[in-house]
Amino acid sequence: QVQLVESGGGLVQAGGSLKLSCAASGRTIGSFVIGWFRQAPGKEREFVAAFSVIRTSYADSVKGRFTISRDIAKNTVYLQMNSLKSEDTAVYYCAARIRYSGSYTDRSYDYWGQGTQVTVSS
């Protein structure tokens, strides 16, 4: 199994940037699909981005603004968020999935972090 810890959240102005980190332990991230999800108050948890050795996927709402990447040596996945909007305000979660097949956008991931709060002010 793998343990995931998110960090890097905070308060930013609209139009600003923020970089989130997902530090993994227990297993190498190279063996998993790593996804980012977010959940705003009163809303369902939604897909943001995911990365594997096969492909990268982004939600339409963040394409061109967010970039997912990883550092294998540090066993860490990053989410660079640019041109932030108030609608990006949410708790952001890192997740890992063993299965590579199928959609990356659903919530059928095996492991989840505790989340980090991102607040974008207008």
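Our structure is the block above this text.
Throughout what follows, the structure given in this document is the object of discussion. (Residues numbered from 1 in each chain as written. Predicted model: local features only at pLDDT ≥ 70, side-chain atom pairs only at ≥ 80, totals over all residues. Heavy atoms only, no water.)

Things to note about the overall build of the chain
For step 1, the next point in the chain: Summing up its helical and strand segments, the chain has 0 helices and 11 strands in all.
For step 2, the next point in the chain: Each helix (α) and strand (β) of the chain, taken in turn from the N terminus, gives the series β-β-β-β-β-β-β-β-β-β-β.
For step 3, the next point in the chain: The C-alpha radius of gyration computed for the chain amounts to 13 Å, which stays within 12% of the reference 14 Å derived for 122 residues, consistent with globular compactness.
For step 4, the next point in the chain: Along the first, second and third principal axes, the C-alpha atoms of the chain reach 40 × 25 × 25 Å.
For step 5, the next point in the chain: Within the span of the chain, comprising 122 residues, buried residues form 43% of the whole. (Helix = DSSP H or I, 4+ residues; strand = E, 2+ residues; numbered from the N terminus. Rg over C-alpha atoms; globule rule 2.2 N^0.38 Å. Buried < 20%, exposed > 50% of the residue type's maximum accessible area, 1.4 Å probe, protein only.)

Remarks on the pairing of strand E7 (residues 66-71)
For step 1, the next point in the chain: Bridge analysis of E7 against strand E8 (residues 76-81) gives 6 bridges, and the strand direction is antiparallel. Within E8, the position partnered with Thr67 by the bridge is Gln80.
For step 2, the next point in the chain: Linking E7 to E8, which pair antiparallel, is a turn of 4 residues; within it Asn75 sits at a positive phi near 55°. (Pairing = 2+ DSSP bridges.)

Brief notes about unusual backbone geometry
For step 1, the next point in the chain: Here Asn75, not a glycine, exhibits a phi torsion of approximately 55°, which is positive.
For step 2, the next point in the chain: As for its position among the elements, Asn75 is in the loop between E7 and E8.
For step 3, the next point in the chain: With a phi angle near 50°, Ser83 is a residue other than glycine that sits in the positive phi range.

Structural notes on the sheet that holds E7
For step 1, the next point in the chain: The sheet built from 4 strands is open, its strands ordered E1-E3-E8-E7 with antiparallel pairing. Looking at the sheet topology across the chains shown, the edges are occupied by strand E1 (3-7) and E7. Along the sheet, successive strands turn relative to each other by an average axial angle of 20°, direction set aside. (Axes fitted to C-alpha atoms, helices over the stretch in contact; angles between N-to-C directions.)

Let's talk about the pattern of salt bridges
For step 1, the next point in the chain: Following the criterion strictly, the structure yields 6 salt bridges and no others.
For step 2, the next point in the chain: Across the pair Arg107 and Glu44 runs a salt bridge whose closest N-O atoms are separated by 4.0 Å. Here Arg107, found in the loop between strand E9 (90-97) and strand E10 (111-112), pairs with Glu44, found in the loop between strand E4 (33-39) and strand E5 (46-51); they are 63 residues apart in sequence, far enough to count as distant.
For step 3, the next point in the chain: Here Asp106 makes a salt bridge to Arg97, at a shortest N to O gap of 3.7 Å.
For step 4, the next point in the chain: Given the relative accessible area of 1%, Arg97 is considered buried.
For step 5, the next point in the chain: Because the salt bridges share partners, they merge into one network encompassing Arg38, Glu46, Arg65 and Asp88. (Salt bridge = Lys/Arg side-chain N within 4 Å of Asp/Glu carboxyl O.)

Structural notes on the state of the cysteines
For step 1, the next point in the chain: The full count for this structure, using the stated rule, is 1 disulfide.
For step 2, the next point in the chain: The disulfide that involves Cys22 links it to Cys94, with 1.9 Å between the sulfurs. For the disulfide bridge between Cys22 and Cys94, the dihedral angle about the S-S bond is near -75°, and by the sign convention the bridge is left-handed. Of this pair, Cys22 sits in strand E3 (residues 18-25) while Cys94 sits in strand E9, and the two are 72 residues apart along the sequence. The burial state of Cys22 is the same as that of Cys94; both residues are buried. (Disulfide = S-S within 2.5 Å.)

Functional significance is not addressed by these values, which are geometric in nature.
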